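Results of the structural survey
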Amino acid sequence: MTVVSSGLAVQVGYLARRSVIRTLRQPAAVFFPLVFPVLLLAVNSGGLKAETNLPGFPTDSFLAFALAVPFIQGGLFATGNAGIDVAKDIQTGFLNRLALTPMRGVALLLGELGGVMGLALIQAIFYLVIGLVFGVRLESGIAGGLVMIALAAVIALGFAAFGAYAALRTGSTEAVNGIFPVFFVFLFISSMNIPRNLMGTDWFRWCATANPVSYLIEGMRSLIITGWDGQALGLAFGIGIGVIVVGFALAAAALPERMART
Amino acid sequence: MVQDRDNSIVAEGLVREFKKGPRAVDGIDLRVDSGEIYGFLGPNGAGKSTTVLMLTTLLPPTAGTARVAGYDVVKEGPKVRKAIGAALQEAALDPLLTGREHLRLQMAMHGIGGEERKRRADELLERVGLTEAADRKVNGYSGGMKRRLDLALALVHRPRILFLDEPTTGLDPQSRAALWEEVGRLARQDGVTVFLTTQYLEEADVLADRVGIIDHGRIVAEGTPEQLKAEIGCSTVEALPATPEELGAVTTVLERFGTRTTGFSPGTVAVQLATSDGNLADIVRALDAEDLRLAHLQIHEPTLDDVFLAKTGRHLEGAGEEEAEVEPEPAPATA
């Protein structure tokens, strides 16, 4: 019997493929993360358009200002998708099946997250196309669009790692669903709808400044309305990568307890 | 054939305690020889699944030792896993993947490469009768199909020892018979050692070379089905009086022929006969002489349930409803 290396790459590749297949076979898992953020974008762009008349508002197109938000929302959906997939594997015993193979624990995490990143890329391209179709012009050009997609993938990966961590800790899809709204609170107390320097309420401005999500949005937004802003991009990628490292470390630490084997 | 290698399972003083429960497994000693089908029979909550989790390296024992395929389950987990296949209590399948995708994923995890992966998948699908359903998603499979796929997945890397945890629970008789046939073939033709847990008497009786009966985490009887039934010896007679008022009188008559035992049905009286040559006619004559009328009378040969009854004072059926199995909690990995 031919046995080739059950190397990490093969294991990750197959698990990522499975994750993508699972997602694509659940239309709701693709449809809502694509459509819901766009609907919210449409509502906000219509309802908050007058904000552009505020002195100091950085652009005269609220659509361009708000276009960064769906990218972050898409990342938040990744939290739920990754977490629920891992929790289901625990609940159905699929994780035990994998534990009986020579699969390395890290392959499970990378595979699940790889699949989530695939969906995140599709989402990012979709949001970008929607923005361009409705007249948004990227100040950073085509290269900026590619960086936006890369940043979206980083953000999705970071949030997904936290989703996987929650699943590994609790082993419950209900618990993962429970933490999903908590992440949305972070979105709503960020600079998603108004620049921080224009926030009139002190406590809200303080919260938005302390909230890392603000910097993810501002980095993404800078590519649309400012051009190449090294500080904004550095903060966004730095925080995004930091979230990946912390989320992945937590998930990796939780994995041995959940995938117990001698 | 893999008969020349050590395909045995040996456990000595195996114990598993959980934080919030009693000892799920309480000092089990067992030996399963190469190529043998060992039936591990017991009610729900007896400790069968916990034993399987320990023997398959998914749960470290609290005390005791076990060697599977010659390897220590605690110190040599990866070697044990390489030698074994397991279909655990629930058919752990992904409802969104097809049967073929499951097999390919499992083989990739085992490091089985390209062409071999395709060939082996086809071979296993044919073996378990799922060729036509191979490219359908598992959420459309029946219970029997899921169990057969589960078995195929356990076989992808040609294991020398196979653990099957209640593989036929919930299956219709036809699916059950098909699975028995396949398990029997694996042991007889391929020399695979099979450790099979079950709560079905018939399954253990038909399939197993030897049976271990477990209750409250302890093995209470062990041997071939024939040996165990021979221990019980004589047949049991069970009578249902025509009126409940006659129960006492019927009992008195029946006790002349043997020892009172637990009946299978409410309102009946049962007696294990003192001699092995059935004397039903004598019993009927004695009852008739006392002018006692019966609604029902039956004699049954010793079964594994009688063995369980003799050893535990309870019938196997329904025994597990008295106490639920303690859910194994994940233990920290040791490697």
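A word on the overall build of chain A. Tallying secondary structure elements over chain A gives 11 helices and zero strands in all. Taken from N to C terminus, the helices and strands of chain A fall in the order α-α-α-α-α-α-α-α-α-α-α. Taken over the C-alpha trace, chain A has a radius of gyration of 19 Å; the compact-globule value for 262 residues is 18 Å, and the two agree within 12%. Here the C-alpha coordinates of chain A stretch approximately 70 × 40 × 35 Å along the principal axes. Burial statistics for chain A: of 262 residues in total, 46% are counted as buried.

A separate point is the nonpolar core. With 160 residues, the main nonpolar core has Ala 156 and Ala 164 of chain A together with Val 68 and Val 194 of chain B as its most contacted residues. No other element matches helix 7 (residues 141-170) of chain A, which puts 18 residues into this core. Setting aside residues up to four positions removed in sequence, Ala 156 of chain A forms contacts with Gly 74, Gly 75, Ala 78, Val 116, Met 117 and Ala 120 of chain A. Of all hydrophobic cores here, the second largest spans 10 residues; its members include Val 237, Val 250, Val 269 and Val 271 of chain B.

Before going further, it helps to spend a moment on the interface of chain A and chain B. Taken together, the contact pairs 31 residues of chain A with 34 residues of chain B. Of all the elements in the fold, those that place two or more residues in the side of chain A that touches chain B are helix 1 (8-24), helix 5 (94-99) and helix 11 (230-258) of chain A. No other element matches helix 1 of chain A, which puts six residues into the side of chain A that touches chain B. A class-by-class count of the residues in the side of chain A that touches chain B yields 14 nonpolar, 10 polar and seven charged.

Looking now at the environment of Tyr 200 of chain B. Along the polypeptide, Tyr 200 of chain B turns up in the loop between strand 8 (193-198) and helix 7 (201-207). Residues Tyr 200 of chain B and Leu 96 of chain B, 104 residues apart in the sequence, show an inter-C-alpha distance of 31 Å.

Residue and element names in this part refer to chain B. Taken in spatial order, the four strands line up as 12-13-11-14 in an open sheet, and their pairing is antiparallel. Strands with a single pairing partner mark the edges of an open sheet, and in this sheet they are strand 12 (258-261) and strand 14 (294-300). On average, adjacent strands in this sheet sit at an angle of 25 degrees to one another, irrespective of strand direction. Examined bridge by bridge, strand 11 (residues 236-241) and strand 13 (residues 269-273) share four bridges and lie antiparallel to one another.

Residues and elements named next belong to chain B. Here we have six strands laid out as an open sheet, ordered 6-7-8-3-9-10, and mixed in their pairing. One side of each edge strand has no neighbouring strand; the edge strands of this open sheet are strand 6 (84-87) and strand 10 (218-223). The sheet shows a mean angle of 15 degrees between the axes of neighbouring strands, direction not considered. Taken together, the five bridges between strand 7 (residues 161-165) and strand 8 define a ladder with parallel strand orientation. Residue pairing for strand 8: Phe 163 is matched across the bridge by Phe 195.

Right, let's get into the domain arrangement of chain B. For chain B, the assigned domains read domain 1 (9-225) and domain 2 (234-301). Centre-to-centre, using C-alpha coordinates, domain 1 of chain B lies 42 Å away from domain 2 of chain B.

Parameters at a glance
- Residues numbered from 1 in each chain as written.
- Chains lettered and ligands numbered in written order.
- Predicted model: local features only at pLDDT ≥ 70, side-chain atom pairs only at ≥ 80, totals over all residues.
- Helix = DSSP H or I, 4+ residues; strand = E, 2+ residues; numbered from the N terminus.
- Rg over C-alpha atoms; globule rule 2.2 N^0.38 Å.
- Buried ≥ 20, exposed ≤ 12 C-beta atoms within 10 Å, placed from the backbone.
- Core = buried A, V, L, I, M, F, W, Y, C linked by C-beta atoms within 7 Å.
- Contact = placed C-beta atoms within 7 Å.
- Nonpolar A, V, L, I, M, F, W, Y, C, P; charged D, E, K, R; others polar.
- Pairing = 2+ DSSP bridges.
- Axes fitted to C-alpha atoms, helices over the stretch in contact; angles between N-to-C directions.
- Domains from an automatic or database assignment.

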